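Chain and residue survey
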Amino acid sequence: MGGSLAGLLAAHVLAGHADRVTVVERDRFPEGVKPRPGVPQGRHPHVLLQGGQTALEALLPGFLAELREAGAPRVGMPADMVLWQSGRWFRRVPASTHIYTGSRAQLEELVRRRVLANPVISVLEGTEVVGLLGDATRVRGVLVRERSGDARADSRPLEADLVVDASGSGTKAPQWLVAIGADRPDEETIDTGLAYASRVYRGTNGALDGGTRGYYAYPGPEQVHAGGALPLEDGSHLVIVSGLRGDEPPTGDDEFVTYAKRLPHPLLHRWLAVAEPLSPAFGHRRTANIRRRYDLPGRPAGFLATGDALCTFNPIYGQGMAVAAMSAVALRDTLADGRRTPTTRRVQRALLAASRLAWDISAGADRKMPGAVGTAVDGGPADQVAGWYLSRVQERAPGDPVVGRAFRAVLTLSEPVTALFAPPVARAVLFGPPAPTPTEPPATPEEPGARSR
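Cut-offs used in this document
- Residues numbered from 1 in each chain as written.
- Predicted model: local features only at pLDDT ≥ 70, side-chain atom pairs only at ≥ 80, totals over all residues.
- Heavy atoms only, no water.
- Helix = DSSP H or I, 4+ residues; strand = E, 2+ residues; numbered from the N terminus.
- Rg over C-alpha atoms; globule rule 2.2 N^0.38 Å.
- Contact = heavy atoms within 4.5 Å.
- Areas by Shrake-Rupley, 256 points an atom, 1.4 Å probe, with all protein chains shown as cover.
- Salt bridge = Lys/Arg side-chain N within 4 Å of Asp/Glu carboxyl O.
- Buried < 20%, exposed > 50% of the residue type's maximum accessible area, 1.4 Å probe, protein only.
- Pairing = 2+ DSSP bridges.
- Axes fitted to C-alpha atoms, helices over the stretch in contact; angles between N-to-C directions.
- 1 Å grid on protein atoms, 1.4 Å probe; cavity = no way out; pocket = protein on both sides within 12 Å on 5 of 7 lines; lining within 4 Å.
- Points joined across faces, edges and corners; volume = space filled by probe spheres on them.
- Nonpolar A, V, L, I, M, F, W, Y, C, P; charged D, E, K, R; others polar.
- Left-handed = near helix turned anticlockwise from the far one by under 90°.
- Phe/Tyr/Trp six-rings, centres within 6.5 Å; stacked < 30°, edge-to-face > 60°.
- Patch = residues over 30% accessible without salt bridge, like charges linked within 9 Å, V, L, I, M, F, W, Y side chains within 5 Å.
- Core = buried A, V, L, I, M, F, W, Y, C linked by side-chain atoms within 4.5 Å.

**Quick word on the overall build of the protein**
Regarding its fold elements, the protein presents 13 helices and 20 strands. Taking 22 Å as the expected radius of gyration for a compact globule of 453 residues, we find that the protein reaches 22 Å, a close match to that expectation. Restricting to contacts in the protein with at least 6 residues of sequence separation, those with at least 24 account for 73%. Summing over all exposed atoms, the protein offers an accessible surface of approximately 20100 Å²; the carbon and sulfur share of this is 51%.

Okay, here's the thing in structure tokens:
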């Protein structure tokens, strides 16, 4: 269910274990690189984190070379970016990790082309799932109908040995499970009320050219407004600004630019004032973290959830595409494990584990934001201890290359959180003062071995 990134990659993995895999997609896939209506945040910034790059390359060998050939910007962190967090500018030391910042539509089109070349996989485009087949013990397929706009149109059964829900954050699977007599999954939620707006610009004054590829100011409890500009494959920049509930960014032309004044430094506002807008602004407000616990006992066999249908993250952290790819790797590895029978629950637990680090990062940060609500806002005493340590990590990451490298490795989902407790990092975090950081946005990358001034 769903032909987006999570669904395509799951189909790719399952094609190695099944005679036939059918992808049911509400939209009709566009010709070429174009946003799809079924991806509500498709016009907003997307980044492919290091953990997602590793996963995609493992699933589709040669994919990163294709991505580079298509012109997707590969941005070194922190050398290529002007970054601000928690009152500090990051030193632009040599990059320890890279992200791809091209459009979501470009990356998805490349994945779609590779995956759908497999003759085992077929697609029902312009078709929506309207229910599940089966009972409380086992899901045996789905009910589908052509997406004509007529809610009374006839549906038909599509039987399957396995149903994978990759329909995104708006999934209706919990209700459909109840309709066949099964329990709906427990849900953990954290919602800060964050909203954002995005618009494409082309720079005219060179502030985001040459050695500076982009800019970003991260939100935090003391500075709740965030924003930045990330490069796209055509040389333009996709600009985003965000705020919390009751102070949502506007989408009007002048108001969008004015809203950038809320950021902690006028750098972005000054750039927007002279840059050329290439698109209208688009808003997005569905940013809650939601985790559905299909891994708990008593769930029907023959049904899995992956991607945003399993775990939805606040998009401001840029984790969704990486987790979709990492979940497909988890699916592949669990099915290939000859030591254990791949039961529904065992596979679902592996999918949940693939999203755990991203959840801990996104949920952990959002718990601290003012006005956060939801069933998982209270993390308990252990979360308070971890929060104390992580706050010291954040203080030191901008100026200390050792702490910064570990911090970025965890945030980009390429290392587990234990990397933050490695002896050199722990010594700096527990016993050393925060290293000096630039007092103004650093205009150029540092030379290797340079010291912050």
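From this point, the discussion proceeds with the structure in view.
**Quick word on the pattern of salt bridges**
Counted under the stated rule, the structure contains 19 salt bridges. In this structure, arginine 292 engages glutamate 187 in a salt bridge whose closest nitrogen and oxygen atoms are separated by 3.3 Å. Note that arginine 292 is positioned in strand E18 (residues 289-292) and glutamate 187 in strand E11 (residues 187-190), a separation of 105 residues in sequence. For the salt bridge of arginine 199 with aspartate 253, the shortest nitrogen-to-oxygen distance reads 3.1 Å. With arginine 199 in strand E12 (residues 195-202) and aspartate 253 in helix H6 (residues 253-259), the pair connects residues that are 54 residues apart, well separated along the chain. Residue arginine 199 is classed as buried on the basis of its relative accessible area, which comes to 7%. Several salt bridges share partner residues, and in doing so they unite Glu188, Arg291, Arg293 and Asp295 into one network.

**A short note on the sheet that holds strand E8 (residues 139-146)**
The strand order E7-E8-E9 describes an open sheet built from 3 strands, whose pairing is antiparallel. The open sheet terminates on both sides in strands that have one partner only, identified here as strand E7 (127-134) and strand E9 (156-159). Strand-to-strand twist of the sheet, defined as the mean angle between neighbouring strand axes without regard to direction, takes the value 35 degrees. As paired strands, E7 and E8 are joined by 7 bridges and run antiparallel to one another. Across the sheet, the residue bridging to threonine 127 is glutamate 146, located in E8.

**Here we look at the layout of surface pockets**
Over the atoms, a rolled probe matching the size of one water molecule traces out where space is still vacant. Taken as a whole, the second largest pocket holds about 830 Å³ of empty space. Lining the second largest pocket are 33 residues, and of these Leu14, Ala160, Asp161, Leu162 and Val163 lie nearest its centre. Among the secondary structure elements, those contributing two or more residues to the lining of the second largest pocket are helix H1 (5-14), strand E1 (21-24), E8, E9, strand E10 (163-165), helix H8 (320-336) and helix H9 (344-354). Among the residues forming the lining of the second largest pocket, the class breakdown is 20 nonpolar, 8 polar and 5 charged.

**Some thoughts on the packing of H8 against H9**
Packing of H8 against H9 brings their axes to within 8 Å, and their N-to-C directions diverge by 145 degrees. Remark: the crossing between H8 and H9 carries right-handed chirality. In this structure, H8 uses Val323, Met326, Ser327, Ala330, Leu331, Thr334 and Leu335 to contact H9, whose residues at the interface are Arg346, Val347, Ala350, Leu351 and Ala354. Partitioned by chemical class, the residues of the contact of H8 with H9 number 9 nonpolar, 2 polar and 1 charged.

**Section: the packing of aromatic side chains**
Here the distance between the centres and the angle between the planes together describe a pair of aromatic rings. Overall, the coordinates contain 6 aromatic pairs when judged by the stated rule. Between tyrosine 294 and phenylalanine 303, the aromatic rings sit 5.4 Å apart at their centres with planes inclined by 55 degrees, giving tilted as the arrangement. Neither residue differs from the other here; tyrosine 294 and phenylalanine 303 are each classed as buried. Here the aromatic residues Tyr201, Phe256 and Trp271 are joined through ring pairs into a cluster of three or more.

**Some thoughts on empty space enclosed by the protein**
Tallying each qualifying case throughout the model produces 4 cavities of 30 Å³ or more. As a volume, the largest cavity reaches approximately 70 Å³. Taken together, Pro30, Gly32, Lys34, Pro35, Arg36, Val39, Gly42, Arg104, Ala105, Glu108, Glu109 and Arg112 form the lining of the largest cavity. For the lining of the largest cavity, the class distribution of residues is 4 nonpolar, 2 polar and 6 charged. Each pocket or cavity is described by its volume, and for the second largest cavity that value is around 50 Å³. Val47, Leu48, Leu67, Ala72, Tyr100, Gly102, Ser103, Arg104, Gln106, Leu107 and Met321 are the residues that line the second largest cavity. In terms of residues, the lining of the second largest cavity owes the most to one element, helix H4 (residues 104-115), which gives 3 residues.

**Focus: a nonpolar patch on the surface**
On the surface, a nonpolar cluster with roughly 370 Å² of combined accessible area is contributed by Trp388, Leu430 and Phe431. Examined against the element boundaries, phenylalanine 431 turns out to sit in helix H13 (residues 423-431). Classification of phenylalanine 431 by relative accessible area gives exposed; the value is 68%.

**Some remarks on the nonpolar core**
Formed by 98 residues in total, the largest nonpolar core has its most connected members in Leu9, Phe63, Leu67, Val111, Leu132 and Phe303. The element contributing the most residues to this core is H8, with 9 residues. Core analysis: the next-biggest nonpolar cluster, separate from the first, contains 21 residues, Val82, Tyr201, Val241 and Ala281 among them.

**Quick notes on the sheet that holds strand E20 (residues 311-312)**
Strand order in the open sheet formed by 3 strands is E11-E18-E20, with antiparallel pairing between adjacent strands. Pairing within the sheet leaves two strands with one partner each, and these edge strands are E11 and E20. Pairing analysis gives 4 bridges linking E11 to E18, with the strands arranged antiparallel. The partner of isoleucine 190 across the bridge, within E18, is asparagine 289. Contacting E11, E18 and E20, helix H10 (residues 356-367) runs over the sheet at an angle of about 135 degrees to E18.

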